[in-house]
Amino acid sequence: MIVDESKDSLRPMFCELNILTRSDGSAMLTQGETAVTASVNGPVEVKLQHMNVEKSYVEIHFRPRSGMGSVNDRLLENLIRNTYESALLTALHPRTAVSIQIQEMQDRGGLVACAINAVCLALIDSGIEMKYLVAAVHSVLDEEGDITLDPDELRAKDARARFTFVFENTSRNTVSIYTHGKFTSEQYHRALRMSTDAVGKVFDFYRTIVAKQQNVL
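In this text, all values refer to a predicted model and were calculated from it rather than measured experimentally.

Engineer: Just to check I follow, could you spell out the sheet that holds strand 4 (residues 57-63) for this structure?
Structural biologist: One open sheet accounts for five strands, arranged 1-2-3-5-4; its pairing is mixed. In the strand order of this sheet, the two ends are held by strand 1 (13-17) and strand 4, each with one partner. With strand direction ignored, the average angle separating the axes of adjacent strands in the sheet is 15°. In terms of strand pairing, strand 2 (residues 25-31) meets strand 3 (residues 34-45) through seven bridges, oriented antiparallel. Paired with Leu29 across the two strands is Val36, which belongs to strand 3. Docked against the sheet, helix 1 (residues 71-87) engages strand 4 and strand 5 (96-106), running at close to 145° with respect to strand 4. Across the face of the sheet, helix 2 (residues 111-126) comes into contact with strand 1, strand 2, strand 3, strand 4 and strand 5 while running at roughly 150° to strand 2.

Engineer: Just checking my understanding: could you explain the environment of Arg155 for this structure?
Structural biologist: As for its placement among the helices and strands, Arg155 is situated in the loop between strand 7 (147-149) and strand 8 (161-168). Separated by 118 residues in sequence, Arg155 and Thr37 have C-alpha atoms that sit 24 Å apart.

Engineer: Could you clarify how one ought to interpret the side chain of Asp73 in this entry?
Structural biologist: Within the secondary structure, Asp73 sits in helix 1. An unpaired buried charge is present at Asp73: no salt bridge exists, and Arg74, the closest side chain of opposite charge, is 4.9 Å distant.

Engineer: Explanation requested: helix 2 in the structure shown.
Structural biologist: In an α-helix there are 3.6 residues to a turn, and that puts residues three or four apart on one side. A rise of 1.5 Å per residue sets the reference length of helix 2, with its 16 residues, at 22 Å; its end C-alpha atoms lie 22 Å apart and thus fit the reference within 8%. Burial runs high along helix 2: 15 of the 16 residues are buried. Just downstream of helix 2, Gly127 is the residue with a positive phi angle, here 85°.

Engineer: Explain the pairing of strand 8 here, please?
Structural biologist: The two faces of the sheet receive side chains in turn, since in a regular strand these alternate between them. Among the eight residues that make up strand 8, seven are buried, leaving the element largely enclosed by the rest of the structure. As paired elements, strand 8 and strand 9 (residues 174-181) share seven bridges and run antiparallel to each other. Paired with Phe167 across the two strands is Thr174, which belongs to strand 9. Taking the residues between adjacent antiparallel strands as the criterion, strand 8 and strand 9 are bridged by five residues, where Arg172 takes a positive phi near 60°.

Engineer: Is there a simple way to explain the environment of Gly25 in this structure?
Structural biologist: Relative to the helices and strands, Gly25 resides in strand 2. Along the primary structure Gly25 and Ile100 are separated by 75 residues, whereas in three dimensions their C-alpha atoms are 9.6 Å apart.

Engineer: So what exactly am I meant to see when it comes to empty space enclosed by the protein here?
Structural biologist: Take a probe with the size of a water molecule and roll it over the atoms, and the empty space left behind shows itself. In the structure shown here, the tally under the stated rule is two cavities of 30 Å³ or more. Taken as a whole, the largest cavity holds about 40 Å³ of empty space. Forming the boundary of the largest cavity are Ser56, Leu88, Leu89, Thr90, His93, Val98, Ile128 and Glu129. Residue composition of the lining of the largest cavity, by class: four nonpolar, three polar and one charged. Space inside the second largest cavity adds up to approximately 30 Å³. The set of elements that each furnish at least two residues to the lining of the second largest cavity consists of helix 2 and strand 6 (134-141). If one sorts the elements of the lining of the second largest cavity by residue count, strand 6 sits on top with three residues. Residues of the lining of the second largest cavity, tallied by class, amount to five nonpolar, three polar and one charged.

Parameters and conventions
- Residues numbered from 1 in each chain as written.
- Predicted model: local features only at pLDDT ≥ 70, side-chain atom pairs only at ≥ 80, totals over all residues.
- Heavy atoms only, no water.
- Pairing = 2+ DSSP bridges.
- Helix = DSSP H or I, 4+ residues; strand = E, 2+ residues; numbered from the N terminus.
- Axes fitted to C-alpha atoms, helices over the stretch in contact; angles between N-to-C directions.
- Contact = heavy atoms within 4.5 Å.
- Buried < 20%, exposed > 50% of the residue type's maximum accessible area, 1.4 Å probe, protein only.
- Lys, Arg positive; Asp, Glu negative; His and termini not counted.
- Salt bridge = Lys/Arg side-chain N within 4 Å of Asp/Glu carboxyl O.
- Expected span 1.5 Å × (residues − 1).
- 1 Å grid on protein atoms, 1.4 Å probe; cavity = no way out; pocket = protein on both sides within 12 Å on 5 of 7 lines; lining within 4 Å.
- Points joined across faces, edges and corners; volume = space filled by probe spheres on them.
- Nonpolar A, V, L, I, M, F, W, Y, C, P; charged D, E, K, R; others polar.

Taken by themselves, the reported measurements are silent on function.
Okay, structure coming up:
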């Protein structure tokens with residue numbers, strides 16, 4: 001496979017659905033050399049402290065490749081929870097939980113975007129009802145003020161700022177945004193425009209994967 005090294009292209013993506021037998025839906029996604037496995041179970045029994053009579057509770061568990069979870073891992077869990085609480089039709093299953101497990105396999109840049117996309121593919125595989133699909137695009141701002149879409153860790157090593165934009169597929173509005181570093185308003189909006197233009201490729205990838213899965217079944 002030929003990899004386009006331009007600054008406005010996404011790394012190659014590969015996905016396998018339904019890879020875990022003990023989950024309602026699962027997916028292994030790679031973006032470049034970054035790899036994440038996500039699994040979904042639900043609706044399932046919810047812990048009493050999380051029970052809600054109006055909607056289901058979305059619980060996210062992120063496991064790093066090695067070692068114990070860090071504060072950044074907890075922030076990632078909150079970001080993904082907020083994203084999917086808005087995307088899932090939680091009101092259909094009150095007093096239950098949707099349990100999402102995320103396992104980092106390898107981080108070579110853009111881990112947050114890869115994890116969010118892997119979860120969406122696992123949810124598609126599970127058949128849990130959603131208002132819309134979501135897809136994330138990662139980009140970085142370098143010292144020269146240039147924006148690079150979906151760089152690997154080497155190209156992002158000296159980044160001045162990092163952006164992850166999460167979009168829904170109906171009108172391409174942003175669902176959640178994760179930023180780190182220093183940047184101007186113009187640089188932020190330039191990164192947002194580039195990500196908006198690129199996210200269609202991720203949604204196209206979803207359609208391709210689902211169509212292949214249906215053909216297999």
